[in-house]
Every structure is written in C-alpha cells, then in structure tokens.
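# Examination of the molecular architecture
Chain by chain, the residues:
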Amino acid sequence: MRFFSRLVFICNLSFLASIVLRLVEMVKRNQGNLDPAIGLQALQGTLVILGYGAIFLNLIFFVWALIGLAGGSLKNIPRWLLWFNLVLFPVQIWYFFFANF
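Residues numbered from 1 in each chain as written. Predicted model: local features only at pLDDT ≥ 70, side-chain atom pairs only at ≥ 80, totals over all residues. Heavy atoms only, no water.

### Structural notes on the overall build of the chain
The condition is simple: Counting from the N terminus, the helices are DSSP H or I runs at least four residues long and the strands are E runs at least two residues long. Relative accessibility thresholds used throughout: buried, under 20% of the residue-type maximum; exposed, over 50%; partly exposed, between the two (1.4 Å probe, protein chains only). Residue contacts are defined here by distance: any two heavy atoms, one from each residue, within 4.5 Å place the two residues in contact. The protein chains shown are the only cover counted for residues, whose accessible areas, like all others here, come from Shrake-Rupley with a 1.4 Å probe.
Along its length, the chain carries 3 helices and 0 strands. Ordering the α and β elements of the chain from the N terminus gives α-α-α. Counting all 101 residues of the chain, 33% fall into the buried class. For the chain, the share of sequence-separated contacts (at least 6 apart) that also reach a separation of at least 24 residues comes to 79%. Summing over all exposed atoms, the chain offers an accessible surface of approximately 6,500 Å²; the carbon and sulfur share of this is 73%.

What follows is the structure in structure tokens.
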C-alpha cells in the first residue's frame, strides 16, 4: 500500500503539472504563439499521460484507503501523503467531469 500511495502521489503531481502546462499553452495560443510549453515533447507527453491517468489510480487508492481505514491497516502510510491523495481526488473529479476548458 505504501508503494501504491507514492505512485498515486507522483501521478497527482503530474496531474497538477499537466493542468499548468495546459493553461500555459492556452495563454500562448491566445497570443498567437504555437510553440509548445516544454521543448521536450516526450516529457510533456509523459506528464500528460501520468496526469490524466491519475484519476483512475486515485479512485483505486480512495477505495483502498476506505477499506484500509475500516480495517486499520493505514498505519504505515504518512498522513500527509494520504490526505494529499484524498484531497486531490475531488479536484480531479471536478476537472474531468465539470470544468469546461
């Protein structure tokens, strides 16, 4: 569970980075500049894929955390990591299903 929570944390950071990249590219396109925000397309693609896949991993983590909370097996995960992943899940739900960008 500890490895999985760290993996979800990395994906959540990639989600935040992909949002920032999208906003930067939208601003640049509105100004007429069509250059990508990051010169390395492989890095940008990796961040976007990890970021957009984070909602699925975060859903699995959320369900697993609820089961672990009921069973008391969440003692080996740092609390800040648990809370960061759980707080970011509603943000991802809002971003993917309710935000109109």
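Structure shown, so let's carry the discussion forward.
### Things to note about helix 2 (residues 41-71)
Our working definition: One fewer than the residue count of a helix, multiplied by 1.5 Å, yields its expected span. The seven residues ending at a residue and the seven starting there each receive a fitted axis; the angle between those axes is the bend at that residue.
For helix 2, with 31 residues, the first-to-last C-alpha span of 43 Å sits near the 45 Å given by 1.5 Å per residue. Of all the bends in helix 2, the greatest measures close to 40° and is centred on Ala54. Considered for burial, the residues of helix 2 that qualify are Gln44, Leu47, Gly51, Ala54, Ile55, Asn58, Phe61, Ala65 and Gly68. Within two residues after helix 2, Gly72 carries a phi angle of roughly 80°, on the positive side.

### Some words on the nonpolar core
Put simply, the test is: The term nonpolar core refers to a set of buried residues drawn from Ala, Val, Leu, Ile, Met, Phe, Trp, Tyr and Cys, joined through side-chain atoms within 4.5 Å.
With 9 residues, the main nonpolar core is built from Phe4, Val8, Phe61, Ala65, Leu74, Ile77, Leu81, Leu82 and Leu86. Looking at this core, the elements that each hand over two or more residues are helix 1 (2-30), helix 2 and helix 3 (79-97). For this core, the leading source of residues is helix 3, giving 3 residues. Apart from residues lying up to four places away in sequence, Leu82 is in contact with Phe61, Ala65, Leu74 and Ile77. Among the nonpolar cores identified, the runner-up in size contains 6 residues, and Cys11, Ile19, Ala54 and Tyr95 belong to it.

### Looking at the packing of helix 1 against helix 3
Note the following rule: All axes here are fitted lines through C-alpha atoms, helices being fitted over the stretch that makes contact, and every angle between N-to-C directions spans 0 to 180 degrees. Here the angle decides the label: under 35 degrees means roughly parallel, over 145 means roughly antiparallel, 65 to 115 means roughly perpendicular, and every other value means oblique. Crossing handedness is defined as follows: a turn of the near helix away from the far one that is anticlockwise and smaller than a right angle gives a left-handed crossing, while the clockwise case is right-handed.
Running from N to C, helix 1 and helix 3 cross one another at 40°; their axes reach a closest spacing of 10 Å. Accordingly, the angle class assigned to the pair helix 1 and helix 3 is oblique. Between helix 1 and helix 3 lies a crossing whose hand is left-handed. Touching Ser5, Arg6, Val8, Phe9, Asn12, Leu13, Phe15, Leu16, Ile19 and Arg22 of helix 1 are Trp80, Leu81, Phe84, Asn85, Leu88, Val91, Gln92, Tyr95 and Phe96, all from helix 3.

### Some words on the packing of helix 2 against helix 3
For the pair helix 2 and helix 3, interaxial distance at closest approach is 9 Å and the crossing angle is 130°. In terms of orientation, helix 2 and helix 3 fall into the oblique class. In this structure, helix 2 meets helix 3 at a crossing whose hand is left-handed. Facing Gly51, Tyr52, Ala54, Ile55, Asn58, Leu59, Phe61, Phe62 and Ala65 of helix 2, the residues of helix 3 in contact are Leu82, Asn85, Leu86, Leu88, Phe89, Gln92, Ile93, Tyr95, Phe96 and Phe97.

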